[in-house]
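Letter by letter, the chains look like this.
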Amino acid sequence: MSVVTVQLGQCGNQIGHEVFNAICSDVHGTHGLCSKKENESYHDACKERFFSEEKAGVPVARAVLVDMEPKVISQTLSIAARSGYWKYDDRSHFCQKQGSGNNWANGYSVHGPKHKDVIMNLVQKEAEKCDRLSGFFTIMSMAGGTGSGLGAFVTQCLRDAFPASFILNHVIWPYGTGEVIVQNYNSVLTLSHLYQSSDALLVHENDVIHKICAQLMNIKQISFRDVNQVIAHQLGSVFQPIYTAEGALHYSRSPLGDLMETLVPHPEFKMLGLRNIPQMPENSLAYSTFSWPGLIKHLRQMLIANATMEEGIDWQVRPPRPGSSVLSKHSTSKLLHFNASIANLVILRGKDMHSADLGSFRDPALYTSWLTPQDAFNLWKTPRAFNKYEKSASLVSNSQLLLKPLDNLVGKAWNMFASKAYIHQYTKFGIEEEDFLDSFTALEQVISSYTIL
């Protein structure tokens, strides 16, 4: 089944391009450990999901590109076409001459309604090219105006037009030090609206990815492209073909649909975080060896200690002891910064993955009491390596991973709102104080729900 990607704003279009690049690079890589038949089925499953075939033999991304300024889309189309491996459809993009001025209200209330018909017509045409449409993957930043405001509007339109298809929103959490003065407003408005229409929100934090670039990838002068390539690598490690059942003979037809069904058992809990190990400079790979027990041990501790990468993990954090009362369980968890989970998915790629023991992820102490470990934990795997990593493991987690950044973001936005800072910039586009209060209320409920896990 196929997925249509909707790239929104500068950030969404630049990341979307890197995601398709990472997927294509992986498909065209050499994987001598796998049989020819295995590689062909992997290749076919990937192509069906993310590309349609052109007569000239160059795969065309199943994507719609949207921005209110033409520069980034023009660059993105050109770079992809020059690669020779894949390209975008020249007719599947929409741009204007004037941006949204980093104002969520401008993107949501002005550009959205004004350009709705054109954008949704492009989406409909892309959906009609799919033999079997599984759903939509949208990519956007929360900080600016187009990706956040127009992105939230388009997501609502997708839900109305395709009620039976899944919608997975990939959102980029802005740098904590500030990219835009009103980024906290934009983020609060974006998250609260996406929560109403999306099936799941898969979040990457810019600060975290920047840290990975500096400490794990050893990049000295970190560019946006470096950050985007790390994000794309992590997304590709989840999106590429995978066996979702033990002993399966065929790759899953709808892994993104399966992912949301697996990880979002309740509509109150839609925030997904992603961890991927190992990550290192390409020139270090030849000198590195990894074992499944080591990778799994690190990944589990990253989960329970809420570590963003495998360096600097707090190994003192432990799950609460069995039999502890609710009160002591919560106080112990808080004391040790234990990250409680609703559901977790581990994805293993590489040789000997059948020997990997994931029993530690089935510990009931990791999960909320209303789901059994059998329902709360899933394991997907394939013997085919991903992007030159002989062995790699990814974790997609619906847990308290994003609770602290969400609480901080809402707190900062509320402090600005209480002093009426910059509110006039939103009211002139039709977003009233009541709309802000509704968004704050919605996110406070999300914070409360995750806090009491």
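Everything quoted here is computed from the prediction, not taken from an experiment.

(A) Spatial organisation of unusual backbone geometry. The amide bond that connects Ile277 to the next residue, Pro278, takes the cis arrangement and shows omega of -10 degrees. Within the secondary structure layout, Pro278 lies in the loop between β9 (271-277) and α10 (282-285). At Asn387, a residue that is not glycine, the phi angle is positive and equals roughly 45 degrees. In this structure, Asn387 sits in the loop between β11 (377-382) and β12 (391-399). Among the residues examined, Asn387 registers a relative accessible area of 15% and is labelled buried. Look at Lys420: it is not a glycine, yet its phi comes out positive at around 60 degrees. On the secondary structure map, Lys420 appears in the loop between α14 (403-418) and α15 (423-427).

(B) Quick peek at the domain arrangement of the protein. Domain annotation for the protein reports domain 1 (2-32 + 40-272), domain 2 (282-320 + 338-399) and domain 3 (404-452). Here domain 1 and domain 3 have C-alpha centroids that lie 25 Å from each other. In this complex, domain 1 contributes 27 residues to the contact, which on the side of domain 3 involves 25 residues. Summed over both partners, the interface of domain 1 with domain 3 buries about 2300 Å², with 72% contributed by carbon and sulfur atoms. Among the residues domain 1 hides against domain 3, the three largest losses belong to Asn184, Tyr185 and Val188. Together they make up 29% of the total.

Thresholds applied
- Within each chain, residues carry numbers counting from 1 in the order of the written sequence.
- Note on the predicted model: pLDDT of at least 70 is required for a residue's local features to be given, and 80 or more for side-chain atom pairs to be given and counted; whole-chain, interface and lining totals, by contrast, use all residues.
- Side-chain metrics rest on all non-hydrogen atoms present in the structure, leaving aside hydrogens and water.
- Here a helix means four or more residues in a row that DSSP labels H or I, a strand means two or more in a row labelled E, and each is numbered from the N terminus.
- Any residue under 20% of the maximum accessible area for its type is buried, any over 50% is exposed, and the rest in between are partly exposed; the area is computed with a 1.4 Å probe on protein chains only.
- Here the limits of each domain have been adopted from an automatic or database domain assignment.
- In this analysis, two residues are considered to be in contact whenever any of their non-hydrogen atoms come within 4.5 Å of each other.
- The buried area of a pairing is the accessible area, by a 1.4 Å probe, that goes missing from both parts when the two are put together, added over both.

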